[in-house]
Amino acid sequence: MTTIELPTKTGPITIEATEPAPGLRIYELPTEHAPSPEYRWILAHHEGRTIGLFKSADDATGAAAAVASMTDWTRSIMTAANEISLGGNVERFGFALIAHGCAPTA
């Protein structure tokens, strides 16, 4: 199992994460650190950038599966973003996240 270290107001916390696809991580935020109590499951790039907030691990895992082939997520987040954008997949990427229940503000 992979871990993620998150900065908080009270100091860093370590959270266990899964890697549903190379370079993508899913983890659950503790209630006291979640921006929304409803959307506590995070899909993130391995460098730590949040991709989307979800209501369940299943939703986040489904979103990860839907976007996994859009870029090589093991590369830098900037490279991944450029590949999605320049590859003409921005709408497809957004719709894939929404279709799996991504929070509307993510």
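Read on for a plain summary of the structure.

Reading guide: rules and limits
Residues numbered from 1 in each chain as written. Predicted model: local features only at pLDDT ≥ 70, side-chain atom pairs only at ≥ 80, totals over all residues. Heavy atoms only, no water. Axes fitted to C-alpha atoms, helices over the stretch in contact; angles between N-to-C directions. Helix = DSSP H or I, 4+ residues; strand = E, 2+ residues; numbered from the N terminus. Parallel < 35°, antiparallel > 145°, perpendicular 65-115°, else oblique. Left-handed = near helix turned anticlockwise from the far one by under 90°. Contact = heavy atoms within 4.5 Å. Nonpolar A, V, L, I, M, F, W, Y, C, P; charged D, E, K, R; others polar. 1 Å grid on protein atoms, 1.4 Å probe; cavity = no way out; pocket = protein on both sides within 12 Å on 5 of 7 lines; lining within 4 Å. Points joined across faces, edges and corners; volume = space filled by probe spheres on them. Buried < 20%, exposed > 50% of the residue type's maximum accessible area, 1.4 Å probe, protein only. Arc of directions from axis to C-beta.

**So, the packing of helix α1 (residues 57–67) against helix α3 (residues 90–99)**
Okay, so step 1: It is the contact of α1 with α3, at a shortest axis distance of 8 Å, that shows an interaxial angle of 160°. Classified by the interaxial angle, the pair formed by α1 and α3 is roughly antiparallel. Relative to α3, the crossing made by α1 is right-handed. Contacts from Ala63, Ala66 and Val67 in α1 reach Phe93, Ala96 and Leu97 in α3.
Okay, so step 2: Taken together, the residues that form the contact of α1 with α3 break down as six nonpolar, no polar and no charged.

**Quick word on the layout of surface pockets**
Okay, so step 1: Estimated volume of the largest pocket: approximately 170 Å³.
Okay, so step 2: Residue lining of the largest pocket: Arg49, Thr50, Ile51, Trp73, Ile77, Ala80, Ala81, Ile84, Ser85, Val90 and Phe93, and that is the complete set.
Okay, so step 3: If you list the elements that add at least two residues to the lining of the largest pocket, you get β5 (50–54), α2 (77–86) and α3.
Okay, so step 4: Of all the elements, α2 adds the most residues to the lining of the largest pocket, at five residues.

**Let's talk about α1**
Okay, so step 1: When we look at burial in α1, the residues that qualify are Ala60, Ala63, Ala64 and Val67. Buried residues of α1, viewed axially, fall in a sector of 100°; they line one side. Exposed residues on α1 whose side chains face more than 90 degrees from its buried face are Asp58 and Ala65.
Okay, so step 2: At its buried positions, α1 is contacted by β2 (13–21), β3 (24–28), β4 (41–45), β5 and α3.

Geometric descriptors of this kind do not, in isolation, establish any biological role.
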